[in-house]
2 protein chains.
Amino acid sequence: MSKKEDILKAATALFAHKGFQFATMSEISKLTGAAEGTIIYHFKSKEQLLLAILKDAKTRIIEEFEKYFEGKTFESGLSMMEDVVSFYLYLAGMMDEQFLLLQRHYPYQLADTNPECREYLEAIYNCLVDIFEKAILLGQADGSMADFHPRKTAMILFSMVDGLVRFKNYNLYDAGALYSELIASCRRMLRNA
Amino acid sequence: MSKKEDILKAATALFAHKGFQFATMSEISKLTGAAEGTIIYHFKSKEQLLLAILKDAKTRIIEEFEKYFEGKTFESGLSMMEDVVSFYLYLAGMMDEQFLLLQRHYPYQLADTNPECREYLEAIYNCLVDIFEKAILLGQADGSMADFHPRKTAMILFSMVDGLVRFKNYNLYDAGALYSELIASCRRMLRNA
DNA sequence: CCAATTACTGAGTGAGCGCTCAGTCAGTGT
DNA sequence: ACACTGACTGAGCGCTCACTCAGTAATTGG
């Protein structure tokens, strides 16, 4: 692995676990064995380093979902929803540091003044909510789901799943124990009575 | 209003909107007209100032819910749940800066090493989830809600409502437009079919 | 083989931070 | 009048931080 990739990986972990402000260049330097000057050489500034991380996260999340759905068919919208929730949680476990970073405030604060940052965050957010929405639209078409506002309900669904990831990240409760209850709740919420 | 209260209020706003690290003592000083020495005089340190804010938030949130439920009766668990969700969102609007601060990571990071901080956060969290749980237990007793795990479902409910507050805080979507969809989703999720 | 380019280094810089402390000042009890 | 107390001040201290820059090492292409 190249030194640049090393830095990106270590910085992702530090930004995710300590926050942008508390993660220092010297700490990234120590963790990677690269001099502080090397970090700046590759990424220009600490803020640009964060942007590179977010760009990387965006690319990977979109790729992973595309790969997952490639040639896949679902017996119903309701079962697609279950699949999507499962895969979302699986991905949040695989890319735990990126998802943790995306749950912090700083990227969204930066997005207020930095259009590039805003672009990455919106792309990720839209990718995720779009997938929930697609499952709902399918479910409403095949009659497995009741009639409600697809986009708004997709956002509520997103909140529920994101909340479980948050519980896991904060260690507030055994998230695994909540998984089956979450799926059951989603089913009750969406299904055609 | 005393200078100490002024500082507490200004610091709450700054910690909520900028984050603990990016909010500086000199900024709090400028906003309140109090010298930096005065802030330290009243609160000992920046961290102690945050703790005072969290203690204040804890006290007020618990008080407000106690006041709200004083002598109140509900026709069913399902309608109590609606009332609770409404009041939660109302309170999150009234105390927007405290709720925003409680959605940041830093307080939970501090809680890892500071037992006092942990105590305040747990008290707030338990207060909120307990109220959802009470509504569910009532609903299951009076038959308006289906049979599921009360505590776990209360946590999922909490996630949903908390997510809507987050949407509002991040300005990602008009949260008001989501309110009626949220209530409807909760009803479908909880009601006895 | 040797420029030329790219990758990397780390001591040094200056800005900004939380906090200190010697001191002012208004209010209160005697 | 005086002593005492608690609220408040702000220049200054020590420290940490992101970033600079002059220089070195490695890689590449003619």
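Residues numbered from 1 in each chain as written. Chains lettered and ligands numbered in written order. Predicted model: local features only at pLDDT ≥ 70, side-chain atom pairs only at ≥ 80, totals over all residues. Heavy atoms only, no water.

A.B. asks: I would appreciate a short explanation of the protein's contact with DNA strand C in the present structure.
C.D. replies: Taken together, 15 residues lie near DNA strand C, and A:Ala35, A:Thr38, A:Tyr41, A:His42 and B:Lys46 sit nearest. Counted by atom, the contact set of DNA strand C within 4 Å of the protein is 72% sugar and phosphate. Take A:His42: an N or O atom from its side chain is 2.4 Å from a phosphate oxygen of DNA strand C. Between DNA strand C and B:Lys46 there is a distance of 2.7 Å, counted from a phosphate oxygen to a backbone nitrogen or oxygen. At four residues, the largest contribution of residues to the surface near DNA strand C is made by helix α3 (residues 36–43) of chain A. Here the surface near DNA strand C is composed, by residue class, of six nonpolar, six polar and three charged. (Near = heavy atom within 4 Å. Polar contact = N/O pair within 3.5 Å; in protein donor to acceptor, adjacent residues only side chain to side chain. Helix = DSSP H or I, 4+ residues; strand = E, 2+ residues; numbered from the N terminus. Nonpolar A, V, L, I, M, F, W, Y, C, P; charged D, E, K, R; others polar.)

A.B. asks: Honestly, the pattern of salt bridges in this entry has me stumped. Any pointers?
C.D. replies: Side-chain pairs of opposite charge can arise whenever the charged atoms involved come near each other. Residues and elements named next belong to chain A. Counting across every chain of the model gives 20 salt bridges over all chains. Between Glu82 and Arg187 there is a salt bridge, with the nearest N and O atoms lying 2.3 Å from each other. Residue Glu82 is found in helix α5 (residues 77–94), and its partner Arg187 is found in helix α10 (residues 175–190); the two are separated by 105 residues along the sequence. On the basis of relative accessible area, Arg187 is assigned to the partly exposed category, the value being 35%. It is possible to trace a salt-bridge network through shared partners that takes in Arg60, Glu64 and Lys67. (Salt bridge = Lys/Arg side-chain N within 4 Å of Asp/Glu carboxyl O. Buried < 20%, exposed > 50% of the residue type's maximum accessible area, 1.4 Å probe, protein only.)

A.B. asks: It is not clear to me how the domain arrangement of chain A should be interpreted in this structure. Could you clarify?
C.D. replies: Put simply, an interface is often sized by how much accessible area is lost when its parts join up. Residue and element names in this part refer to chain A. By the assigned domains, chain A splits into domain 1 (1–43) and domain 2 (51–190). Between the C-alpha centres of domain 1 and domain 2 the distance comes to 28 Å. At the junction of the two partners, domain 1 supplies eleven residues and domain 2 supplies nine residues. Buried surface at the junction of domain 1 and domain 2, summed over both partners, amounts to about 910 Å²; 75% is from carbon and sulfur atoms. One can count one residue pair in polar contact (both at pLDDT 80 or more) joining domain 1 with domain 2. With eight residues, helix α1 (residues 3–18) is the largest single contributor of residues to the side of domain 1 that touches domain 2. Along the lines of polarity and charge, the residues of the side of domain 1 that touches domain 2 split into seven nonpolar, three polar and one charged. (Domains from an automatic or database assignment. Contact = heavy atoms within 4.5 Å. Buried area = accessible area lost by both parts, 1.4 Å probe.)

A.B. asks: Which parts of the structure should I look at to understand helix α10 (residues 175–190) of chain B?
C.D. replies: It helps to recall that an α-helix has 3.6 residues per turn; residues three or four apart then point in one direction. Here α10(B) contains 16 residues, and its C-alpha end-to-end distance of 22 Å stays within 8% of the 22 Å for a straight helix at 1.5 Å per residue. Most pronounced at B:Glu181, the bend in α10(B) amounts to some 25°. Among all positions in α10(B), only B:Ala175, B:Leu178, B:Glu181, B:Leu182, B:Ile183, B:Ser185, B:Cys186, B:Arg188, B:Met189 and B:Leu190 are buried. Turning to α10(B), the residues buried within the fold contact α9 (150–170) and α10 of chain A together with α5 (77–94) and α9 (150–170) of chain B. (Expected span 1.5 Å × (residues − 1). Bend = angle between axes of the 7 residues up to and from the residue.)

A.B. asks: So what exactly am I meant to see when it comes to the interface of chain B and chain A here?
C.D. replies: Facing the 38 residues of chain B at the interface are 38 residues of chain A. Here chain B packs against chain A, burying approximately 3,600 Å² in sum over the two surfaces, 64% of which is carbon and sulfur. Scanning the region where chain B abuts chain A turns up zero salt bridges. Counting across the interface, chain B meets chain A through 14 residue pairs in polar contact (both at pLDDT 80 or more). Per-element accounting of the side of chain B that touches chain A gives the leading share, twelve residues, to α9(B). For the side of chain B that touches chain A, the class distribution of residues is 21 nonpolar, ten polar and seven charged.

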